[in-house]
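Coordinates in review
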Amino acid sequence: MPGPAHIRLLSDEVINKIAAGEVVDRPASVLKELLENALDAGATRVTVEIVAGGRKMIAVSDDGGGMDRDDALLSIERHATSKIRDVDDIEDVATLGFRGEALAAIAAVSQFTLTTRTAAAEGGTEITVAGGKIRDVRDEGCPAGTRVQVRNLFFNVPARRKFLRSEQTELSHVRQVFLLYALSHPAVGLALRVDEREVWRLAAGATLNDRLLELFGPGTISQLRPVDFRAGELWLHGYAGIPSLSRGDRSDQYFFINGRPAGAPLLHFALSEAYHTLLPRGRYPVLYLFLELPPGQVDVNVHPAKKEVRFRNTGAVRDAVIEGLRRALGTTPAAPEAAPIHPLASVAPPAEAWLPAIRRDQPPAFAYPRLPMAPAEGEAPAPGPSGSPAAAPAAGPWAWCRVLGQVGGLYVVMETPDGVVLMDPHAAHERVLFERFMKEVTAHRVNSQGLLAPETVALLPQDARRVREQLDLLRDMGFGLSEFGADTFLVDALPVCLGNVSAAALLAEVADTLERAGARGGTERWAEEAVAQASCKAAVKARDQLAPEEIEELVRALAATGMPYTCPHGRPTVIFMSFGELHRKFGRA
Ligand code: ADP
Ligand code: MG
């Protein structure tokens, strides 16, 4: 445990260079500052107490380094900090706080009590402040560490107090802050008491996996994929939700930059790129992402509450986030050494592992690799032994499935040991073709099939222009293509994996996609759009009646994809309903 650090007043020059800001606007922001101080003080256990949504009381107790009397008195002065000396230190700041403003600001607008003792000192100090005025300083017996109690926030600023929301609203902000630090510091034991009732007691010494499991339970954990990607000095790690875990807003996206909860608009862009073909518009993935980079590469001093950061090399960060997520989600084949072997990543085992295990009962049932969807009732996977959040049980709901047929001339109905699955064959086929084709395109190894009878395709002028501009990409995609005068092209070969499809329809569709994707730029994105479109065109039609063997093949191929849950446009390919859910609906216990 670090010893007490000595506190210095910053020079005026330094003070002016540091962007001052409103630090405290509601109970949650008080909690944020107090938690950061406790963590900066090296605490291993922290207890948070909240009364009436924090309007009546917010208290944080830690077992960190504590302060002697002089430092305790100095700590509530404005711009008193032990964490930096000079403005240059901000560049490499490793602590969560550094402006020396928080305690002074909080003490100025509340009834404030600081009780603290260093491990070496026999007795501690208690300082009582009300509205910024010191009321009392005395010796006080207390455990080593610090407790800060903030009562009646804004009692002397009625205008601010009026702006506090209901207890419930303030409490939900408080809980969100608690959650953020519980995630960013899994090794620190954290307890939360709300109105004298213990809401959370999170064990000390935990890993991120333990903590996620404790906070969100196995249902969420089983839908997360591990992220672990390094590029130069950047390291992106944590967990990314598969599409079935998506939300209607960004509230379940957690970012930590060098251990500090933070956002950056740049990250939102990177995310939508990474999940581009996986989620429909308006759906947001669940993420717990940690980005580590040299402190000098990131500016944390742009936002008063340090909620937003700026990166020196934005391109590198964006690319690392996109690539790291894509690998985690299986949409980009990982370099062998970068592929974490993980029980949750068992969506696409080598085909040989399960292909021969077909059980040809009547009606046909066949082996099927487990998809990590929400676990069935009472089947919560246990925490994994070696740092994995949760191990998927070997014989899960998808160990086999039995095709019952097609309903509505469209959806395939299947039974699994644990529930019923509905599959949209068109969406499923699209996903299969998309991944196959994308793999070939990125590897520049598209198998192209010469046409017996070359087709001429006349395009609209703007489509023709786009095709002309993208001839190289289209040839990379396996189109045998040459100009045939005016806006007409001769197609003499097509990508094999797309099967039997009319060259004319396909090319017109792809050209149209390229046209629409144009504004978004980026060859890779064009390729992806074009491939998605081509896959859609080539996939079985929604209304096609499929033979049992065709369905079986489709299910197998879908299971072998990196991301079997959605089509490239983000629509679901399968919907699962567990027997547990059915039992509940039928009112069975
Ligand atoms: P900052 O965290 O930006 O330095 P604060 O006003 O939050 O500014 O805190 C001022 C100083 O008080 C800190 O630099 C630290 O030395 C000391 N301090 C505050 N809280 C604690 C704590 N819980 N344990 C030990 N020292 C603390
Ligand atoms: Mg602080």
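For the structure, check the block above.
In this text the structure is predicted, and so the values were computed from the model without any measurement.

Let's shift gears to helix α2 (residues 27-40). With 14 residues, α2 ought to run about 20 Å at 1.5 Å a step, and its terminal C-alpha atoms sit 20 Å apart, in line with that. Among the 14 residues that make up α2, 12 are buried, leaving the element largely enclosed by the rest of the structure. Turning to α2, its buried residues are P27, A28, S29, V30, L31, K32, E33, L34, L35, E36, A38 and L39. Those residues of α2 that are buried are in contact with β2 (45-51), β3 (57-62), α4 (102-108), β8 (145-151), α6 (167-184) and β9 (189-194). G42 lies just past α2 and shows a positive phi near 80°.

Another aspect to go through is the sheet that holds strand β12 (residues 234-241). With respect to topology, five strands assemble into an open sheet ordered β11-β12-β15-β13-β14, the strand pairing being mixed. The sheet is open, and its two edges are formed by β11 (224-231) and β14 (260-261), each paired on a single side. Lying on the sheet, α6 is in contact with β13 (253-257), β14 and β15 (287-292); it crosses β13 at an angle near 55°. Each of β11, β12 and β15 is contacted by helix α9 (residues 314-329), which is oriented at about 140° to β11, the strand it contacts most.

Let us now look at the packing of α2 against α6. Viewed as axis vectors pointing N to C, α2 and α6 meet at an angle of 25°, and their least axial separation amounts to 8 Å. It follows that α2 is roughly parallel to α6 by the angle criterion. The crossing of α2 and α6 is right-handed. Contacts from P27, A28, L31, K32, L35, E36 and L39 in α2 reach E170, H173, V174, V177, F178 and Y181 in α6. Taken together, the residues that form the contact of α2 with α6 break down as nine nonpolar, one polar and three charged.

Cut-offs applied
- Residues numbered from 1 in each chain as written.
- Chains lettered and ligands numbered in written order.
- Predicted model: local features only at pLDDT ≥ 70, side-chain atom pairs only at ≥ 80, totals over all residues.
- Heavy atoms only, no water.
- Helix = DSSP H or I, 4+ residues; strand = E, 2+ residues; numbered from the N terminus.
- Expected span 1.5 Å × (residues − 1).
- Buried < 20%, exposed > 50% of the residue type's maximum accessible area, 1.4 Å probe, protein only.
- Contact = heavy atoms within 4.5 Å.
- Pairing = 2+ DSSP bridges.
- Axes fitted to C-alpha atoms, helices over the stretch in contact; angles between N-to-C directions.
- Parallel < 35°, antiparallel > 145°, perpendicular 65-115°, else oblique.
- Left-handed = near helix turned anticlockwise from the far one by under 90°.
- Nonpolar A, V, L, I, M, F, W, Y, C, P; charged D, E, K, R; others polar.

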